Structure formats: C-alpha cells, structure tokens
Amino acid sequence: MTDVTGAPADVLHTLFHSDQGGHEQVVLCQDRASGLKAVIAIHSTALGPALGGTRFYPYASEEEAVADALNLSRGMSYKNAMAGLDHGGGKAVIIGDPEQIKTEELLLAYGRFVASLGGRYVTACDVGTYVADMDVVARECRWTTGRSPENGGAGDSSVLTAFGVFQGMRASAQHLWGDPSLRGRKVGIAGVGKVGHHLVEHLLEDGAEVVITDVRAESVRRILDRHPSSGVTAVADTDALIRVEGLDIYAPCALGGALNDGSVPVLTAKIVCGAANNQLEHAGVEKDLADRGILYAPDYVVNAGGVIQVADELHGFDFERCRAKAAKIFDTTLAIFARAKEDGIPPAAAADRIAEHRMAEARRP
Ligand SMILES: NC(=O)c1ccc[n+]([C@@H]2O[C@H](COP(=O)([O-])OP(=O)(O)OC[C@H]3O[C@@H](n4cnc5c(N)ncnc54)[C@H](O)[C@@H]3O)[C@@H](O)[C@H]2O)c1
C-alpha cells in the first residue's frame with residue numbers, strides 16, 4: 001500500500017492558488033496489488049469531518065480524476081453546510097471502469113486508505129459504487145456510510161433524496177404561486193431512475209400531472225405500467241420534455257449540465273427543481289434563468305436528502321429523524337428565495353452566500 005500525499009504541480013496550483021481551490025488536503029492513493037488508484041479530496045472540515053461519496057469512473061486521465069475530486073468535494077462542503085449538517089465537504093474518486101476492475105481486494109485496499117485519515121473523511125456511495133460496495137469498504141474502515149441495513153447502514157438514499165426534492169418543489173410553488181400544493185400542476189421529470197421514480201409517486205399523491213422521459217425505455221415502461229390510467233404521460237426525450245406546452249415545473253433527475261445555453265432559452269417551465277447534481281453547465285446560467293423569469297431551486301439545496309440520510313448512519317440510523325430533517329428543505333428553499341430577492345441576486349448565488357457564511361462562522365475561534 002503506497003500513500004502519496006505529495007501532489008503533481010497542477011494539483012498544487014489548484015490547491016494553493018486557484019479561486020476554485022481552498023482545499024485542505026488531497027490524498028493520492030495507490031495499491032499495486034489490487035490495481036487501486038484513487039484520489040481523496042477534503043475541501044473543508046470547518047463544520048466537522050468531511051463527508052461525501054466515492055465515485056468509481058473510467059476517467060480519461062489522472063488529471064481529470066483529480067479535477068473531479070476537487071470539484072465534487074467543494075460542492076459537498078456547500079451541500080452539507082446548507083443541509084445544517086455537522087460535516088465539511090469531501091469526495092473520493094477511484095480511477096477505472098467499475099465493470100472491469102472492481103474487486104473485493106480493491107475495495108478493501110480503498111477502505112484502508114479512508115481509515116488512514118482517521119475520520120477526517122467519511123465516505124458513502126456515488127456514481128459507480130453501491131450499498132454492497134460500502135459493506136465491503138466498511139470491513140476495513142469505520143468511517144463508511146451508505147451501508148446496507150444488515151450492516152448497520154440505512155440502505156438506498158434515493159427515497160429521502162426524492163422526498164427532499166419534492167419539498168423543494170412545494171417551496172418553489174409557495175414562492176411563485178402563493179400555495180405549496182402541486183395539485184393540477186404539470187411537472188416534467190427527465191430521468192426516472194432511483195430518485196426520479198420515487199418523485200413521480202410524491203407528485204401523483206399531491207395531485208400533479210406528470211410527464212416523464214428516460215433514455216432507458218424500461219424505466220419509462222415500469223412507471224406507465226404502474227399508473228396505466230392516472231396522470232402520467234411520456235415523451236421521447238429531454239429535448240421534447242423541456243418544450244412541453246404548459247409545463248409548470250422541470251425536474252432534471254438524470255445527469256449534470258441540464259441547464260445550459262441550449263436548454264434555458266427554450267424551457268417552458270416556470271420553475272426548475274430536480275435531483276441532478278451540477279445542473280448549471282457553467283457560471284452565468286443562473287442569471288440567464290432569472291432573466292427569463294424562471295425560478296431555479298439550487299440543486300445542492302433540494303437534493304440533500306441523501307446526504308442527510310447517510311450522515312445519520314454515524315449516529316445509529318433513524319428513518320423518521322432523517323425524514324424530519326429532509327422536510328426542512330422546504331424552509332431552507334424558501335429562505336434562499338427570500339435572500340435572493342433581498343440581495344437582488346439569483347437563488348444559486350444566494351445559496352452560495354448562505355453556505356459560505358456558515359462555513360466562515362464555524363471557523364471562528
Ligand atoms: N440517489 C441519490 O440519493 C442522489 C442524491 C443526490 C443527488 N443525486 C443525483 O440525482 C441524479 C439521479 O440519481 P439516481 O440515483 O436516480 O440515478 P439513476 O442512475 O438511478 O437514474 C438516472 C436516470 O437518468 C436516466 N438518464 C441518463 N441520461 C439521460 C438523458 N440524457 N435523458 C433522460 N434520462 C437519462 C438513466 O437512464 C436513469 O434511469 C444524479 O445526477 C445524481 O447524482 C442522487
């Protein structure tokens with residue numbers, strides 16, 4: 001097992017000089033025996049141990065992996081601060097195709113690296129890692145969440161993520177239309193995977209009309225079969241979904257970058273509120289949305305249900321306690337809209353200001 005806490009020049013530059021940096025620690029991990037190559041990035045421990053998932057992905061280069069770890073860990077600081085958790089932000093990436101190289105030996109080696117940080121970083125699932133993987137990691141490392149209930153974990157986090165997004169939508173409706181009910185509103189969901197399909201159920205229960213799309217035909221079919229005569233229709237793709245006439249709310253629940261120079265000008269919805277991380281493709285899109293009079297509920301605010309759930313595992317998981325915490329996403333979202341109005345800035349910028357203030361306050365002696 002080799003632990004290289006030194007870093008190549010571009011990592012050092014990002015850490016110490018870039019505006020996007022400000023990270024506390026970056027650990028490069030290598031275990032030749034299992035083929036593990038990983039990067040653990042701790043952006044901030046100002047509010048507590050850094051918490052964030054492990055992404056297992058076939059990065060095109062090691063530089064790309066480092067950049068992703070730095071970017072994602074920074075995002076986790078903001079998400080955790082906004083969710084009121086006593087956690088800073090961290091994230092790990094394992095380099096390689098999980099279908100090809102993921103083995104028990106590799107996950108155990110990874111667990112030893114996380115354990116070597118002594119609790120400064122707490123890990124969880126992300127793209128390419130699952131509850132069963134965290135059960136393996138946990139055998140070497142007690143700072144592991146996202147485990148199965150049989151192993152003291154909370155299991156699938158998408159249930160509370162969907163619930164939190166639904167609360168964000170209700171808050172957005174309250175802000176824009178003076179009523180949190182979504183009865184009679186038309187809501188479009190792009191991506192009906194783990195989070196999206198739970199979101200459909202919340203919306204139907206509240207009386208909304210739901211339009212769905214997904215690149216996987218079987219995911220769409222599963223929902224249409226479940227609701228043959230009530231309130232759900234499907235369109236061919238996301239491009240069609242965002243142009244649906246009379247759409248009230250658009251919920252990106254697939255991949256990042258859904259809000260960009262191509263999509264924002266043609267959106268028919270008045271509200272954007274969804275689960276996907278990093279929805280704004282580049283800085284400035286939040287202003288384009290505001291200029292078109294579209295209310296954007298910041299992604300990391302409304303999708304915090306999952307991290308609220310995994311953080312709770314460290315205290316002995318209690319579903320009702322977590323659900324109550326995730327329900328507060330309603331108030332948090334309203335507070336962000338209020339601050340945005342007060343400061344004359346888009347909600348995404350207001351959310352960043354509030355999160356940064358919380359982190360700065362926590363650093364006081
Ligand atoms: N699962 C969680 O607890 C959680 C927490 C916070 C944020 N998120 C974010 O929410 C999003 C959804 O997460 P998930 O766990 O439901 O993932 P998932 O992989 O289960 O679902 C994503 C769905 O999107 C579909 N999809 C992919 N590309 C698409 C496209 N171009 N158009 C339409 N559909 C497309 C996929 O086929 C899949 O069904 C991700 O961005 C994830 O990072 C998830």
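Each remark here, short or long, concerns the structure printed above.
Scope of this entry: the structure provided in the associated data block. (Residues numbered from 1 in each chain as written. Predicted model: local features only at pLDDT ≥ 70, side-chain atom pairs only at ≥ 80, totals over all residues. Heavy atoms only, no water.)

### Focus on the sheet that holds strand 12 (residues 271-272)
- In spatial order, the strands read 10-9-8-11-12-13; together these six strands make up an open sheet with parallel pairing. Among the strands making up the open sheet, the edge pair consists of strand 10 (232-234) and strand 13 (295-296).
- Taken together, the two bridges between strand 12 and strand 13 define a ladder with parallel strand orientation. Considered in strand 13, the bridge of Ile-271 is made with Leu-295.
- Helix 8 (residues 217-226) contacts strand 9 (209-213) and strand 10 of the sheet and is inclined by roughly 150° relative to strand 10. (Pairing = 2+ DSSP bridges. Helix = DSSP H or I, 4+ residues; strand = E, 2+ residues; numbered from the N terminus. Contact = heavy atoms within 4.5 Å. Axes fitted to C-alpha atoms, helices over the stretch in contact; angles between N-to-C directions.)

### Overview of the nonpolar core
- Counting residues in hydrophobic clusters, the biggest one holds 66 residues, and the most contacted among them are Ile-40, Tyr-110, Met-169, Ile-189, Leu-199 and Leu-203.
- In terms of residues, this core owes the most to one element, helix 4 (residues 104-116), which gives seven residues.
- Looking at this core, you find at least three residues from each of domain 1 (9-76 + 87-150) and domain 2 (158-360).
- Once you skip the residues sitting within four places of it in the chain, Met-169 turns out to touch Leu-182, Val-187, Leu-199, Leu-203, Ile-249, Ala-251 and Cys-273.
- Formed by 18 residues, the second largest nonpolar core is a distinct cluster that contains Ala-190, Leu-247, Leu-259 and Tyr-296. (Core = buried A, V, L, I, M, F, W, Y, C linked by side-chain atoms within 4.5 Å. Buried < 20%, exposed > 50% of the residue type's maximum accessible area, 1.4 Å probe, protein only. Domains from an automatic or database assignment.)

### Let's talk about the site of the ligand
- The immediate surroundings of the ligand are formed by 18 residues, with Ser-157, Thr-161, Val-195, Asp-214 and Ala-254 found nearest.
- In this structure, an oxygen atom belonging to the ligand sits 2.8 Å away from a side-chain N or O atom of Ser-157.
- Within the side chain of Asp-214, a nitrogen or oxygen atom sits 2.6 Å from an oxygen atom of the ligand.
- For the ligand, whose unbound accessible area comes to 820 Å², protein coverage reaches 76%. (Near = heavy atom within 4 Å. Polar contact = N/O pair within 3.5 Å; in protein donor to acceptor, adjacent residues only side chain to side chain. Areas by Shrake-Rupley, 256 points an atom, 1.4 Å probe, with all protein chains shown as cover.)

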